[in-house]
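So the chains spell out like this:
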Amino acid sequence: MNEKKKLGSEALLEALLKEGVETIFGYPGGQAIPIYDALYDYRGQLKHILVRHEQGAVHAAEGYARVSGKVGVCVVTSGPGVANTITGIADAMMDSTPVIVIAGQVPASLLGTDAFQEVDVIGMTLPITKWAYQVRSADEIPWAVARAFYIASTGRPGPVVLDIAKNAQVGIIDYQPVIINHIRSYTPVPDMEPEKIAEAADLINKAKKPFALVGQGVILGNAEKELLDFLRKADIPAASTMLGLSALPSDEPLNAGMLGMHGNIAPNLKTNECDVLIAIGMRFDDRVTGDLNTYAKQAKIIHLDVDPAEINKNVKVDIPVLGDAKETLPAITQLLKENTHTDWINEFKLLYKKELNLVINDEIHPQTGPLNMGEVIHKVSEATGNKAVLVTDVGQNQMMAVRYFKYSRTRSVVSSGGLGTMGYGLPAAIGAKFGTPDRTVCLFLGDGGLQMTIQEFGTIMQSNVDIKIILLNNEYLGMVRQWQELFFKERYSETFMKNPDFVKVASAYQIPGKLVMKREELDDAIREMLETQGAYLLEVRVAQKGMVYPMVPAGTSVINILYNSPANTYTADVIV
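In this report, the structure presented in the accompanying data block is examined.

The rules behind these values
Within any chain, residue numbers begin from 1 and follow the written order of that chain's sequence. Totals for whole chains, interfaces and linings use every residue, but because this is a predicted model, local features are given only for residues with pLDDT of at least 70 and side-chain atom pairs only at 80 or more, for both listing and counting. By convention in this description, side-chain values take in all heavy atoms of the structure and omit both hydrogens and water. Secondary structure elements are defined from DSSP: runs of H or I of at least 4 residues count as helices, runs of E of at least 2 residues count as strands, and each element is numbered from the N terminus. Computation of the radius of gyration draws on C-alpha atoms alone. For the globule rule, the value is 2.2 Å times the number of residues to the power 0.38. Categorising residues by exposure relies on relative accessible area from a 1.4 Å probe, with only protein chains included: less than 20% of the type maximum marks a residue as buried, more than 50% marks it as exposed, and the intermediate range marks it as partly exposed. For two strands to pair, DSSP has to find at least two bridges joining them. Where helices are involved, their axes are fitted lines through C-alpha atoms of the stretch in contact, as for all axes, and angles between N-to-C directions lie from 0 to 180°. Here the angle decides the label: under 35 degrees means roughly parallel, over 145 means roughly antiparallel, 65 to 115 means roughly perpendicular, and every other value means oblique. The sense of a crossing depends on the near helix, which, turned anticlockwise from the far helix by less than a right angle, makes the crossing left-handed and, turned clockwise, makes it right-handed. Here a residue-residue contact requires only that any non-hydrogen atoms of the pair lie within 4.5 Å. Any residue outside Ala, Val, Leu, Ile, Met, Phe, Trp, Tyr, Cys, Pro, Asp, Glu, Lys and Arg is labelled polar, Gly included; the first ten of those are nonpolar and the last four are charged. Classification of ring pairs uses Phe, Tyr and Trp, with its six-membered ring standing for Trp, and accepts pairs whose centres are within 6.5 Å; under 30 degrees between planes counts as stacked, over 60 as edge-to-face, and the remaining range as tilted. Geometrically, a lysine NZ or arginine CZ counts as sitting over a ring once it is within 6 Å of the ring centre and also within 35 degrees of the ring normal. In this scheme, patches are assembled from residues that exceed 30% relative accessible area and form no salt bridge. Like charges are connected within 9 Å, while nonpolar side chains (Val, Leu, Ile, Met, Phe, Trp, Tyr) are connected within 5 Å. Residue exposure ignores everything except the shown protein chains as possible cover, and the areas themselves are Shrake-Rupley values with a 1.4 Å probe. A side-chain nitrogen of Lys or Arg and a carboxyl oxygen of Asp or Glu constitute a salt bridge if their distance falls within 4 Å. Only four residue types enter the tally: Lys and Arg on the positive side, Asp and Glu on the negative side; His and the chain ends are excluded. Throughout, a charge is located at the NZ atom of Lys, the CZ atom of Arg, the CG atom of Asp or the CD atom of Glu. Two N or O atoms form a polar contact when they lie within 3.5 Å of each other; inside protein one atom must be a possible hydrogen donor and the other a possible acceptor, and for residues adjacent in sequence the pair counts only when both atoms belong to side chains.

This part takes up the overall build of the chain. Across its full length, the chain carries 24 helices and 20 strands. Taking 2.2 N^0.38 as the reference for a compact globule, 576 residues should give roughly 25 Å; the C-alpha atoms of the chain span a radius of gyration of 24 Å, in line with that estimate. Based on the C-alpha atoms only, the size of the chain along its principal axes is roughly 75 × 60 × 40 Å. Relative to its 576 residues, the chain shows a buried fraction of 59%.

Here we take up the sheet that holds strand 3 (residues 47-50). Spatial ordering of the open sheet is given by 3-2-4-5-7-6, a layout of 6 strands whose pairing is parallel. At either end of the open sheet lies a strand with only one pairing partner, and these are strand 3 and strand 6 (131-135). Averaged over all pairs of adjacent strands, the angle between strand axes in this sheet comes to 20°, irrespective of strand direction.

Further remarks concern the packing of helix 9 (residues 194-206) against helix 14 (residues 325-334). Helix 14 packs onto helix 9 with a crossing angle of 55° between their chain directions and a minimal axis gap of 9 Å. Comparing their axes, helix 14 and helix 9 come out oblique. Here helix 9 runs over helix 14; the crossing is right-handed. Across the interface between the two elements, Ile 197, Ala 200, Ala 201 and Ile 204 from helix 9 touch Thr 328, Ala 331 and Ile 332 from helix 14. A breakdown of the residues in the contact of helix 9 with helix 14 according to their chemical character gives 6 nonpolar, 1 polar and no charged.

Across a sheet, paired strands are connected by hydrogen bonds in the backbone, their directions being either parallel or antiparallel. Strand order in the open sheet made by the 6 strands is 16-15-17-18-20-19, with parallel pairing throughout. Each edge of the open sheet is held by one strand with a lone partner, namely strand 16 (413-414) and strand 19 (513-516). The sheet contact formed by strand 15 (residues 389-392) and strand 16 spans 2 bridges and is parallel. Counterpart to Leu 390 in the pairing with strand 16 is Val 413. Where helix 23 (residues 522-531) meets the sheet, its contacts fall on strand 18 (468-473), strand 19 and strand 20 (536-541), and the angle it forms with strand 20 comes to roughly 160°.

On to the packing of aromatic side chains. Applying the stated criterion across every chain, the model contains 15 aromatic pairs. Centre to centre, the rings of Phe 405 and Tyr 407 are 6.2 Å apart; their planes meet at 45°, and the pair counts as tilted. Pair check on accessibility: Phe 405 and Tyr 407 agree, each one buried. The structure contains a cluster of three or more aromatic residues connected by ring pairs, namely Phe 25, Tyr 64 and Phe 434. Across from the ring centre of Trp 131, 4.9 Å away, lies the NZ or CZ of Arg 147, which sits over that ring. Over the aromatic face of Tyr 476 sits the side chain of Arg 481, whose NZ or CZ is 6.0 Å from the ring centroid.

The subject of this paragraph is the packing of helix 3 (residues 54-68) against helix 5 (residues 86-94). Their axes nearest at 7 Å, the elements helix 3 and helix 5 cross at an angle of 25°. Accordingly, the angle class assigned to the pair helix 3 and helix 5 is roughly parallel. Where helix 3 approaches helix 5, its residues Gln 55, Val 58, His 59 and Glu 62 are matched on the opposing element by Thr 87, Gly 88, Ile 89, Asp 91 and Ala 92. Across the contact of helix 3 with helix 5, the residue classes tally to 3 nonpolar, 4 polar and 2 charged.

So, on to helix 11 (residues 224-234). Most of helix 11 sits out of view: 8 of its 11 residues are buried. Residues of helix 11 that are buried include every one of Glu 224, Glu 226, Leu 227, Leu 228, Phe 230, Leu 231, Lys 233 and Ala 234, and no others. Where the residues of helix 11 are buried, they touch helix 9, strand 9 (210-214), helix 10 (216-220), strand 10 (238-240), strand 12 (276-280) and helix 14. Of the residues one or two after helix 11, Asp 235 is the one with positive phi, at around 55°.

Below, the discussion takes up a negative patch on the surface. Negative charge collects at one region of the surface, where Asp 191, Glu 193, Glu 195 and Glu 199 lie side by side. Assignment of secondary structure puts Glu 199 in helix 9. With a relative accessible area of 35%, Glu 199 lands in the partly exposed category.

Okay, the side chain of Ser 412 next. Among the structural elements, Ser 412 can be located in the loop between helix 17 (396-404) and strand 16. A distance of 2.8 Å separates polar atoms of two side chains, one belonging to Ser 412 and the other to Arg 439. The contact partners of Ser 412, leaving out residues within four places of it in the chain, are Ser 246, Ala 388, Val 389, Leu 390, Tyr 407 and Arg 439.

It is worth spelling out helix 14 at this point. Among all positions of helix 14, only Ala 325, Thr 328, Leu 329, Ala 331, Ile 332 and Thr 333 are buried. On its buried face, helix 14 sits against helix 9, helix 11, strand 12, strand 13 (300-305) and strand 14 (319-322). Taking the backbone nitrogen of Lys 326 as reference, a side-chain oxygen 2.9 Å away marks Asp 324 as the first, capping residue of helix 14.

Tracing the backbone through its elements, the reader meets Ser 381 in helix 16 (residues 373-383). Under the relative-accessibility criterion, Ser 381 is labelled buried at 1%. In terms of polar contacts, Ser 381 uses its side chain to reach the backbone amide nitrogen of Lys 406, at 3.0 Å. Not counting chain neighbours up to four residues away, the residues in contact with Ser 381 comprise Asn 386, Tyr 404, Phe 405 and Lys 406.

By the element assignment, Phe 487 lies in helix 21 (residues 478-487). For the pair formed by Phe 487 and Pro 553, sequence separation is 66 residues and the distance between their alpha carbons is 9.3 Å.

Once that is clear, we can look at the pairing of strand 9. For strand 9, a buried count of 5 out of 5 residues is recorded, marking the element as mostly surrounded by other parts of the structure. Residues Pro 210, Ala 212 and Val 214 of strand 9 are buried on one face, and the alternating residues Phe 211 and Leu 213, pointing to the opposite face, are buried as well. Pairing of strand 9 with strand 12 involves 5 bridges; the strand directions are parallel. Residue Pro 210 lies in a different strand from strand 12, and its bridge partner there is Val 276. Sheet topology places strand 9 next to strand 10; 3 bridges connect them, and they run parallel. Bridged to Ala 212 within strand 10 is Ala 238.

Attention shifts here to the pattern of salt bridges. Two side chains carrying opposite charge are able to pair once their charged atoms lie near each other. Taken as a whole and assessed by the stated rule, the structure comprises 20 salt bridges. Among the ionic pairs, Lys 326 bridges to Glu 226, the shortest N-O distance being 3.0 Å. Of this pair, Lys 326 sits in helix 14 while Glu 226 sits in helix 11, placing them 100 residues apart in sequence. Given the relative accessible area of 38%, Lys 326 is considered partly exposed. As a salt-bridge pair, Glu 273 and Lys 270 come within 2.7 Å of each other at their nearest N and O atoms. Taking relative accessible area as the criterion, Glu 273 reaches 32% and is therefore assigned partly exposed. On the basis of relative accessible area, Lys 270 is assigned to the buried category, the value being 5%. Several salt bridges share partner residues, and in doing so they unite Arg 156, Asp 307, Glu 310 and Lys 313 into one network.

Function-wise, these values are silent; they only describe arrangement.
This is how it looks when you write it as structure tokens:
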């Protein structure tokens, strides 16, 4: 065949290489066989990771994207194969994660006939993607791939689906690379408005109690340095959403911790005391704002975001600043006066000391009783020098992990935020390791979440993935049980779990492990885990009825903080 003449499947792989793709996560099937047949000859250029379930392929691509800053790619077949990716695609959409799902499809001549393993991929995925497109001829492949990468990676990132008919995969084209850096009617980054920049700077300069809320948009925009310059020049305390946590190092003096339902006490209380609230790359999620009717009513609000749809969506703002945070932040900083807010910042520090006494010390330095999730997480973080990538599943393990793990580098938190997907953790950790192979990846999960994607132990075994798995086993669906205790009169309906011997299960997949039940065994077990080459499962039996505090009950004001009692007593007045 002429050097430029290629099968559609070969053109697909060439287009992926042109976009800088090195790693693909996937699972073959009937309508994707031509793609996998072509992949056989590209094994030296493209690394394919064989997952054990298509949902795992998308989560792995998400983990890869979150730590690397690149677009994650997965390949699946039609019918049940692509249907199994729906949860992962929705997760990526909610968390603005750039992934591309490439699905095989029945030949174009059979579309609409209910052919074997035909599903309406575009109809299913259009509401949960930035773009979903069906490729019906080989000639479209180079263009579709280039467009997919441009859309997925620019502006507010997100997932794209390419549904490629089988005839397109086997058709022959004269392959020519395609470059796309503009699409009519698609404006990924709005133009910066100088008057809004000036208004924002003026308001901040006049503020007595400014407070910054940092979202994942800072990380997605690679604006971490610009954020620090901004905060330090005006001496502004800042707190982060869960996904924005590692935008600031944990030991940064202006870092006031985490916002939201299980965030730190000071950021939640001070949200309703500040005079200027500066939201940067965050979307005012309900888990951050609580009751919108009582949220920051005293403050003037500045909102920096790349997505116009987020402006005034949940919280009415006074000054919208559209644009890329890497450009808008320094533009504002240039107009700021050098300032100090010592008394204001000391109020945050005082509340943190109270939280230490009320919650944190008991959680990470307990003297008696069963092991706590918090102490395990704290010890693992310290043992890694606070330099590891944190991956979590969803539930109590997630909230405890993001509270007590510490960060010294950006792109260090991989967790399912908006969708809250149990089963996310294990495949996402696999992807994260391929995205940053030189960093230690620590995965914290619960017994419930692990069993949703436990088959990915097979991926670890086959691909020799070096991740450290810390299973916080309380034999309950812990977060649901917590809500049942607090709000449903301790009626523990279907939340107790009878579990297998997880260490034996891991051993069957050639993953070494250890069960820890006593506090005095924990330090040595953590050391053994981190010193072991390759994957390791550390199962820790923790308190069955442990609680995650502080907690702002859903739908209440952010100042209604439950801090150490199962009773429905809101305690902002007690804390102050």
